[in-house]
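# Structure assessment
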Amino acid sequence: MDTKSTLICSRCKVKMKPVEVTFKYLKRSFRHEVLRCPECGQVYIPEELAKGRMAEVEAVLEEK
Amino acid sequence: MEKYLPDFDKCLQHEKPFCTSACPVHLEMYDFIDRLREGRFNAAYKAFRNASGFPAVAARFCSQPCREACPLDSEGSQPIEINLLEKACLMYADKKEPTEYNLPVREKKIAIIGGGISGMACAMRLATKRFMVTVFEKSEKIGGTLWDIMDSSVFLDDFKLQMKYLDYELQTGCEVKDLGQIISQGFHAVYVSTGRDGNDFGLSGTLSGKPCMVKDGTGILAGGSLLGHDRIYALGDGLAAATAIDNFLMTKNLIYPEYNQTQMMLDDSRMIPSQAVMPSRTDSEEKGGSYTEEEAVEEAERCLRCQCDACRIWCDLTEYVHKWPLRIRDEIIATTAPGSADIKATPAKRLINTCTQCGLCKETCPESIDLGGLILAARSRMHSLDKMPWVFNDFFLRDMDFSNSDTAYLCHRAPHEHGSAYAFFPGCQLGASDPDLVIRSYTEILRHQPDSGIMLGCCGVPAVWAGDDEKHQEELSRIKTDWESLGRPVMILACPTCMDNFRKYLPEIKAVFLYDLMAEWFQHEGFPSAARPDMTYSIFDPCPTKPGDSVRRSVRSICSGLDIHTEPLALQKKFAACCSYGGHGSIADPDFAEAVREKRVSESSNPYIVYCINCRDAFLGKGKKVYHILDLLFGCAPKLSTATARRENRAWIKERILKEIFGEKPCVSPAVSDGTVMLEISGDLKEKISSQHLLEEDICEVVAFCERTGRTVYDPEKNSFSGYRKVGRMTHWVEYKRTGDPGTFILINAYCHRMEIELEAVWNGHKINIIE
């Protein structure tokens, strides 16, 4: 996971922190830790995650 | 879906090869040859022994009916020397000891009348199964006529070796004159193999016409040279009789063994003529010499390994997934069965959505099994069960919706005419790739046929390929209504896929190919002359067209009119394969689509001429030199358009045709973006966005949304902002920089994911309205 701690939530002006987020795809839910604003819950998903691990899980679920 | 299944029972995948079918002892040739190819003579010997019972005897007197059955037995070619290979096994195998099975004795008595090769083979096979076997031989020695044709040590040694661990009783000098004599001794089955001119005990005149009967509960059957069979068939009869007796004793049903002819069909492309390897060893007793180990392996390698595999040769999908249609059928049945994927397998979910729908499976199959039809029906079933992953078709369905939206769709009567005898239907992709091709084609049509209206839109095939029958019907009714409003004109089509769709689903609409008309028009008035490099091209026929179609001739006649030298593609003499676009499988399996494109462009180094714009774009994307026939007629340079440009082009065509041809002002602004945000996007990034099937207008909207709501993440190191928004069902991410101008931004990156970020609206106990 991208651990850039320098990222800042534009709305709350606080640093993003790794927190678990729930994802849903094709009627299935699961949790994964990504950078998230501790105040408003804004999420950040870097391209490496979207095109890497997430894409792998997506491909597996598409075959279920 | 069910209507496609019965045809699969006719599949010839499991038919025996010609040689095995012709072989009296049914030697499993795949096993035998494969083992020899690997130089495993012991294993090959075992396969031969299991089939023939007495391998040394069989190899010596086999009349080789396999030679005539071998497809290599044709002009300029020689059949596989199976008999020499069998003899090589006997020479080079060093483990010939039979297996000693520890089986319980089966309390059934079997009489074998006649101790020739047929009787001994039957006795050996039944004794192996631990039946209580007695061989009655009227002379003083076993072997029958084998004494006359070979050295007795050959067959006596083989009998001894193969029956080393077997118990059976041999009564020599004992002639059976009456079957009652045997039945009264409590025998449960009898095999009569009394040899040529021997006693048949009335078996040749049975009511069934087959030399077998059941008398007082005893099963009796005859075989071997008693029935006039050649020695190797007599051996085969004995082995088959043993199986028939075993089955009879289990089921009380006596079925006389029959030789079934194989139904195997071998695709012409598999036939590679070759000459037999000449045996170089002359130190053995064999008259013609015998093989060295290396020669035997070389001869085995020459075998075509016959199998009906036209589907695997021609269908890109079966070849790519390494699966036979029967297996694919089973996987489809499992996948489309009701029930959750948590409790059952869904092995074909991606495969169903990968097929290109080219139809070659059915066209090339000797039994015309329609695998493509089953796959399409499976898509429909998956859609109705709500089990289709939306992502496989979402982009294409949204693209179709755009083509048929007010922004791009147009249905207009011929200029200055009340009705239209003809109407041009270029399809949604031709103009998306190059709007000039549509406008110039329509201008040309109007010049020759001024009473031609126009319909710009999609034929609805994306809904067919998505399995969405309801949506497809909606699209068809729209076309039908508009066609009627134009006065039921003859439709002039430019896209082979549209033509296929019209023929299948709109048979009441008469449709002709644009290229048929153009060939005729230019034939009369002369073809345009344009400077073209002096080279040889190959015409790539799109998969919906068939060999007899007039459009194939028309395109060739246009090429010849344009003075273009063409030569046929080697693989497309009979069949037209798909460029990879068909079936819309490129999102479900991009690697497969890529492999298909690669295969197609590699078929010839000549530049291609196509008459389907999707073929052109698929090959252009691979860097292949390729022209649409309209590119050549109008002197246009082929270029690839991004997904965004394709939409803009469609809107632009509508605007331009309304303005320039009909002198009307477009009612709907063709602008595809709302214009609140100006994004500077580099060329590379535009391509990246397009390759992910994303649209720049959607990206603009995401940036506008981020700016409006302030929901962004700031990266101080790069001085950039990142944010996301769901567009349709896809979550789009953007990374951008602000400029001095508040409405203008520089896009740094754009990507997407299919998963949905859940429960973000509720955080720390309070709901955050992310929609503003």
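Residues numbered from 1 in each chain as written. Chains lettered and ligands numbered in written order. Predicted model: local features only at pLDDT ≥ 70, side-chain atom pairs only at ≥ 80, totals over all residues.

## Side note on the overall build of chain B
- Per the secondary structure count, chain B includes 33 helices and 23 strands.
- Against the compact-globule benchmark of 28 Å for 772 residues, chain B has a radius of gyration of 37 Å, which places it well outside the compact range.
- Along the three orthogonal principal directions, the C-alpha set of chain B runs to about 115 × 80 × 55 Å.
- Residue burial in chain B is summarised as follows: out of 772 residues, 47% are buried.
- Sequence separation of 24 or more characterises 69% of the internal contacts of chain B that already satisfy a separation of 6 or more. (Helix = DSSP H or I, 4+ residues; strand = E, 2+ residues; numbered from the N terminus. Rg over C-alpha atoms; globule rule 2.2 N^0.38 Å. Buried ≥ 20, exposed ≤ 12 C-beta atoms within 10 Å, placed from the backbone. Contact = placed C-beta atoms within 7 Å.)

## Focus on the overall build of chain A
- The helix and strand tally for chain A stands at two helices and four strands.
- The 64 residues of chain A split such that 28% are buried.
- In chain A, the share of contacts with a sequence separation of at least 24, taken over all contacts with a separation of at least 6, comes to 39%.

## Comments concerning the packing of helix 3 (residues 29-37) of chain B against helix 13 (residues 293-301) of chain B
Residues and elements named next belong to chain B.
- The geometry of helix 3 relative to helix 13 is characterised by a closest axis approach of 8 Å and an angle of 130 degrees between their N-to-C directions. Compared by their axis directions, helix 3 and helix 13 come out oblique. Here helix 3 runs over helix 13; the crossing is left-handed. Packed against helix 3, whose contacting residues are Ile 33, Leu 36 and Arg 37, the element helix 13 presents Ala 296, Val 297, Ala 300 and Glu 301 at the interface. (Axes fitted to C-alpha atoms, helices over the stretch in contact; angles between N-to-C directions. Parallel < 35°, antiparallel > 145°, perpendicular 65-115°, else oblique. Left-handed = near helix turned anticlockwise from the far one by under 90°.)

## So, the sheet that holds strand 3 (residues 28-36) of chain A
- Pairing in this open sheet of four strands is antiparallel, and the strands run 4(A)-3(A)-2(A)-21(B) from one edge to the other. In the strand order of this sheet, the two ends are held by strand 4 (43-44) of chain A together with strand 21 (756-758) of chain B, each with one partner.
- Two strands pair when backbone bridges link them, and strand 3 of chain A and strand 4 of chain A are joined in this way by two bridges, in the antiparallel orientation. The residue bridging Leu35(A) from the neighbouring strand is Tyr44(A), located in strand 4 of chain A. (Pairing = 2+ DSSP bridges.)

## A short note on the interface of chain B and chain A
- On the side of chain A, 28 residues touch chain B, which itself brings 30 residues to the contact.
- Every element with two or more residues in the side of chain B that touches chain A is listed here: helix 17 (349-352), strand 17 (713-715), strand 18 (720-727), strand 20 (744-753) and strand 21 of chain B.
- Class assignment for the residues of the side of chain B that touches chain A results in 14 nonpolar, seven polar and nine charged.
- Looking at chain direction, strand 1 (residues 8-9) of chain A and strand 17 of chain B are connected through two bridges and run antiparallel. Paired with Ile8(A) across the strands is Tyr714(B), a residue of strand 17 of chain B. (Nonpolar A, V, L, I, M, F, W, Y, C, P; charged D, E, K, R; others polar.)

## Here's the deal with helix 3 of chain B
All names here are of chain B.
- Buried residues of helix 3: Met 29, Phe 32, Ile 33, Arg 35 and Leu 36, and no others. Seen along its axis, helix 3 keeps its buried residues to an arc of 160 degrees; they face one direction.
- Residues of helix 3 that are buried make contact with helix 2 (18-22), helix 4 (41-52), helix 7 (82-92) and helix 13.
- Just downstream of helix 3 lies Gly 39, where phi reads positive at about 75 degrees. (Arc of directions from axis to C-beta.)

## Things to note about the environment of Cys428(B)
Residue and element names in this part refer to chain B.
- Mapped onto the elements, Cys 428 comes out in helix 21 (residues 428-433).
- Judged by C-beta crowding, with 26 C-beta atoms within 10 Å, Cys 428 ranks as buried.
- When the C-alpha positions of Cys 428 and Gly 460 are compared, they lie 9.7 Å apart, and in sequence the two are 32 residues distant.
- The contact partners of Cys 428, leaving out residues within four places of it in the chain, are Ser 403, Gly 457, Cys 458 and Arg 650.

## Some details on the pairing of strand 1 (residues 106-113) of chain B
Residues and elements named next belong to chain B.
- Sheet topology note: the strand 1/strand 2 (residues 131-137) ladder contains six bridges and is parallel. What sits directly across from Ile 110, in strand 2, is Val 133.
- Tracing the backbone out of strand 1, into helix 8 (residues 117-128) and back to the parallel element strand 2 gives a crossover that is right-handed.
- Taken together, the four bridges between strand 1 and strand 4 (residues 189-192) define a ladder with parallel strand orientation. Within strand 4, the position partnered with Ile 112 by the bridge is Tyr 191. (Right-handed = clockwise from strand over helix to strand, strands pointing away.)

## Considering the nonpolar core
Residues and elements named next belong to chain B.
- If you look at the biggest cluster of nonpolar residues, it comprises 192 residues, and the most contacted ones within it are Ile 112, Val 190, Ile 492, Leu 493 and Tyr 515.
- With eleven residues, helix 12 (residues 231-251) is the single largest residue contributor to this core.
- Setting aside chain neighbours within four positions, we find Tyr 515 in contact with Val 551, Ser 554, Val 555, Ile 558, Tyr 611 and Ile 629. (Core = buried A, V, L, I, M, F, W, Y, C linked by C-beta atoms within 7 Å.)

## Here we look at helix 29 (residues 613-620) of chain B
Residue and element names in this part refer to chain B.
- Counting buried residues along helix 29, eight of its eight residues qualify, which places the element largely inside the surrounding structure.
- Buried residues of helix 29: Ile 613, Asn 614, Cys 615, Arg 616, Asp 617, Ala 618, Phe 619 and Leu 620, and no others.
- Along its buried surface, helix 29 packs onto helix 21, strand 12 (536-540), helix 28 (590-601), strand 14 (608-610) and strand 15 (626-628).

## Notes on the domain arrangement of chain B
- Domains assigned within chain B are domain 1 (2-9 + 309-389), domain 2 (18-96 + 267-273 + 288-301), domain 3 (106-251) and domain 4 (678-767).
- Inter-centroid distance (C-alpha atoms) of domain 1 of chain B to domain 3 of chain B is 49 Å. (Domains from an automatic or database assignment.)

## Topic: the packing of helix 26 (residues 514-525) of chain B against helix 27 (residues 550-561) of chain B
Residues and elements named next belong to chain B.
- At their nearest, the axes of helix 26 and helix 27 sit 8 Å apart, and the two run at 40 degrees to each other. Between helix 26 and helix 27 the crossing geometry is left-handed. Taken together, the residues of helix 27 that come into contact with helix 26 (itself represented by Tyr 515, Asp 516, Met 518, Ala 519, Phe 522 and Gln 523) are Ser 550, Val 551, Ser 554, Val 555, Ser 557, Ile 558 and Gly 561.
- Across the contact of helix 26 with helix 27, the residue classes tally to seven nonpolar, five polar and one charged.

## Notes on unusual backbone geometry
Residues and elements named next belong to chain B.
- In this model, Lys 252 sits at a positive phi of 65 degrees, which is unusual for a non-glycine residue.
- Relative to the elements of secondary structure, Lys 252 occurs in the loop between helix 12 and helix 13.
- At His 693, a position not held by glycine, the phi torsion is positive, near 60 degrees.
- With respect to the secondary-structure elements, His 693 resides in the loop between helix 32 (683-691) and helix 33 (696-709).
- Residue His 693 is classed as partly exposed on the basis of its C-beta count, with 17 C-beta atoms lying within 10 Å.

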